[in-house]
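# Notes for the structure review
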Amino acid sequence: MTIGTKIRTYRKERQLTQENLAKQLNVSAGAVSKWETGTTLPDTELLVPLANALQVSLDELFDFSLKLSELRVKEIGEEIVGCFEKDYFSKGLLLIERYTQEFPHSEELIFQAAHLVWKYSLLTPFKDEEEVRGRRRKALELYRRLFNSDDELMRLHAMYSGAVILMTENNIEELEVLLEQIPSADYDTFYMHLHVLESKKEYLQAQTLSINKLFSRTNEVSSLLAIVGRIYEEIGDNKQAAVCFTLLEQLEQLFQLISPSMTAHRKIKQLMKDDHTEQAALLLEQQVLELVKKPLNWEQHFLFSSIKLSAADQEQKKIRRLYLQEMLEEFNELADYPAYQKAIELAEIF
């Protein structure tokens, strides 16, 4: 039941005419008529006098807005989408205006309306970029209504979505304020922070942030390629496995990673499996030599020189030595080959 319907129902129950009610509220009968037909809504300062005149509580008068069901929110959303998908964007906005005024306490409805305006801002025909910007601003206006929500999840979702729009609009000042309130552990705000730094010409901080992210992503992609490659091998798709390990090898070479090569280790195992044990021993020796020569930190790296490891060089050396010992033990079937003995000597010198 809409607020207009409730006003009319309660008015008739109290045997009041529109003129009687209007006189009590010091408004025109036409204003009451517009409330009841849903053309307009009562001003905020009239709500308490209106409830008193109708002899109901504000809770009774606005019960409809507090109990908007999940199903009803979905139905309203579908009605709005129907307008947008028929290229009636302006009609969709009118629906949103109507429903958000009618159900001002339904945060789920407001959030859904904001999301739909943002989503369809580019999907529905528009005249120019200014019209698209106007649509985005409307979505932002709706999201802003939730920035002080008591529902933490709702508030953060609205803030994050609003921040994305602010970045698109290049509204750096408000974006920076919002980012201080959005936990980066739960929301990916990296590119927003980077955008703020670049806009403020704080290039050194932007560089540090970018290099750290690139370092993290490089190691993450390396690990994922190795995992996906092994999975492909397990299910018998050797072609796709080869693609993954080839990409991994290229990545290791391109970024000159100081960590042990995952692809070299795999090649040694494959050579042994194919009974090419002498070649496996030679590759093992080569891998040990490379590990002995590799830096223990990133200080001299062509790209990641700013990366600081948590462990000091001596600790890194212990970790590297332990890895070498475990690798030699894993491939001790190659002990009869001179290359294996040379690998042991190299590891002992290290």
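Thresholds applied
- Residues numbered from 1 in each chain as written.
- Predicted model: local features only at pLDDT ≥ 70, side-chain atom pairs only at ≥ 80, totals over all residues.
- Heavy atoms only, no water.
- Phe/Tyr/Trp six-rings, centres within 6.5 Å; stacked < 30°, edge-to-face > 60°.
- Helix = DSSP H or I, 4+ residues; strand = E, 2+ residues; numbered from the N terminus.
- Buried < 20%, exposed > 50% of the residue type's maximum accessible area, 1.4 Å probe, protein only.
- Axes fitted to C-alpha atoms, helices over the stretch in contact; angles between N-to-C directions.
- Parallel < 35°, antiparallel > 145°, perpendicular 65-115°, else oblique.
- Left-handed = near helix turned anticlockwise from the far one by under 90°.
- Contact = heavy atoms within 4.5 Å.
- Nonpolar A, V, L, I, M, F, W, Y, C, P; charged D, E, K, R; others polar.
- Polar contact = N/O pair within 3.5 Å; in protein donor to acceptor, adjacent residues only side chain to side chain.

The name that an unreviewed UniProt entry assigns to the protein chain is Helix-turn-helix transcriptional regulator, with the source organism given as Enterococcus larvae.

### With respect to the packing of aromatic side chains
Under the defined criterion, the tally for this structure stands at eleven aromatic pairs. When the centroid spacing of 5.7 Å and the interplanar angle of 65 degrees are considered together, the rings of Phe-111 and Tyr-143 count as edge-to-face. Of the two residues, Phe-111 sits in helix H9 (residues 107–119) while Tyr-143 sits in helix H10 (residues 129–144), which places them 32 residues apart along the sequence. Under the relative-accessibility criterion, Phe-111 is labelled partly exposed at 22%. Between Phe-190 and Tyr-191, the aromatic rings sit 4.8 Å apart at their centres with planes inclined by 80 degrees, giving edge-to-face as the arrangement.

### So, the packing of helix H8 (residues 89–102) against H10
Packing of H8 against H10 leaves a shortest axis separation of 13 Å and a crossing angle of 15 degrees. Considering the angle they form, H8 stands roughly parallel to H10. Pair H8 / H10 crosses with left-handed handedness. Within the contact between the two elements, H8 uses Phe-89, Leu-93, Ile-96, Glu-97 and Thr-100 and H10 uses Arg-135, Lys-138 and Leu-142. A class-by-class count of the residues in the contact of H8 with H10 yields four nonpolar, one polar and three charged.

### Side note on the side chain of His-265
Along the chain, His-265 falls in helix H16 (residues 262–273). Overall, His-265 belongs to the buried group, its relative accessible area being 17%. A polar side-chain atom of His-265 sits 2.9 Å from a polar atom in the side chain of Glu-330. Setting aside residues no more than four positions away along its own chain, His-265 makes contact with Tyr-323, Met-327, Glu-330 and Phe-331.

### Topic: the environment of Trp-35
With respect to the helices, strands and loops of the structure, Trp-35 is situated in helix H3 (residues 29–37). What makes Trp-35 buried here is its relative accessible area of 4%. Those residues within four positions of Trp-35 in sequence are excluded, and the remaining contacts are Gly-4, Ile-7, Leu-25, Val-27, Thr-40, Leu-41, Pro-42, Leu-46 and Leu-50.

### Comments concerning unusual backbone geometry
Of note in this structure, Asn-170 is not a glycine but carries a positive phi near 60 degrees. On the secondary structure map, Asn-170 appears in the loop between helix H11 (152–168) and helix H12 (172–179). For Asn-170, a relative accessible area of 45% corresponds to the partly exposed category. Positive phi values are uncommon outside glycine, yet Gln-256 reaches one of about 50 degrees. The residue Gln-256 is located in the loop between helix H15 (238–255) and H16 in this model.

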